[in-house]
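Residue strings, one per chain:
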Amino acid sequence: KILHCCNSYLHDFSNTHNRVSSIDFWWETMNRFRKNIIGLAFGAMFGGVLAAGSLHEYDTIHNMLKLDEFYVFGFMGSAIFIATIGLGILESRNTKTRFGGMIALQRSDVKANHLKGGAIFGCGWAIAGTCPAPVLVMLTSGVFVSLIVIAGIFIGLSLPNKQAPAGFGDGEHRLSGQTVERA
């Protein structure tokens, strides 16, 4: 019975409608590879910009939080400004992503969970002197203490959130008609 189950699910070669030609498989593999290479290139450029601005250094972040170095605020503010303008333009032109979806910015009101999450993130940022993107730059620059922060990030991501409903979304935005199950 077990062999029959495995054979029907894993090795059912009699269903030709599920087969993919080798050319289609090669093309799909190359498209995935190309998208990953593009993502890797942009990630490397972003990491280079963070490293050039010394935003991966513990002292830089702490001096910013003590209000001794204001260029970091200008760096982040200009990134937010440029991204907001750029995404607004793309949204107004009904631009599609490379994955076929429409660019649609989600707007929400400030709620208590946003303030709590921001406070937790801010405390972690102040203690560790880094956040998720610069911690990877720290690791590649040889600061192996960053492995502790990376472990903390993954622990924080894996903690079950009993307050937010399960499913697709960020906890408040859902697709219309989607059913929500609680954990």
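Let me begin by describing the structure that accompanies this report. The residue count restarts for each chain, going from 1 along the sequence in the order it is written. Selection of residues for local features in this predicted model requires a pLDDT of at least 70, selection of side-chain atom pairs for listing and counting requires 80 or more, and totals for whole chains, interfaces and linings are taken over all residues. Based on all heavy atoms of the structure, the side-chain values leave hydrogens and waters out of the count.

What about the nonpolar core?
Nonpolar side chains tend to gather and get buried jointly when the protein is soluble and globular. We count it as follows: Take the buried residues of types Ala, Val, Leu, Ile, Met, Phe, Trp, Tyr and Cys, join any two whose side-chain atoms come within 4.5 Å, and each joined set is a nonpolar core. Residue exposure (1.4 Å probe, protein chains only): buried if accessible area is under 20% of the type maximum, exposed if over 50%, otherwise partly exposed. Contacts: residue pairs with any heavy atoms within 4.5 Å of one another.
In terms of nonpolar packing, the biggest core is built from eight residues, these being L50, L55, I61, M64, V72, W125, C131 and V137. With residues near it in sequence (within four places) discarded, C131 still touches F121 and W125.

With respect to the packing of helix α6 (residues 132-140) against helix α7 (residues 146-158)
Keep this limit in mind: The axes used here are C-alpha line fits, helices contributing only the stretch in contact, and every angle between their N-to-C directions lies in the interval 0 to 180 degrees. Strands are runs of DSSP state E lasting at least 2 residues, helices are runs of H or I lasting at least 4, and numbering of each runs from the N terminus. Crossings are classed by handedness, with left-handed meaning an anticlockwise turn of the near helix from the far one by less than a right angle and right-handed meaning a clockwise turn.
Between α6 and α7, whose axes approach to 9 Å, the crossing angle comes to 145 degrees. Relative to α7, the crossing made by α6 is left-handed. Every residue of α7 that contacts α6 at P132, V135, L136, M138 and L139 is listed here: S146, L147, V149, I150 and I153.

As for helix α3 (residues 58-65)
The cut-off we apply is this: Arc definition: directions from the helix axis to the C-beta atoms.
Here α3 has its buried residues at T60, I61, N63 and M64. The buried residues of α3 all sit within an arc of 165 degrees when viewed along its axis, so they share a single face. On its buried face, α3 sits against α4 (71-92) and α5 (112-128). One or two residues past the end of α3 sits L67, with phi positive at roughly 65 degrees.

Some words on the packing of aromatic side chains
Rules: For this analysis, a ring pair means two rings from Phe, Tyr or Trp (six-membered ring only for Trp) whose centres lie within 6.5 Å, classed as stacked if their planes differ by under 30 degrees, edge-to-face if by over 60, and tilted for the remaining angles.
Following the criterion strictly, the structure yields two aromatic pairs and no others. When the centroid spacing of 6.2 Å and the interplanar angle of 40 degrees are considered together, the rings of F70 and F73 count as tilted. For the pair F121 and W125, a centre-to-centre distance of 6.2 Å together with 40 degrees between the ring planes defines the contact as tilted. Of this pair, F121 and W125 both sit in helix α5, four residues apart, which is roughly one turn of the helix. When its relative accessible area of 44% is taken as the criterion, F121 is described as partly exposed. On the accessibility criterion, W125 (16% relative accessible area) is buried.

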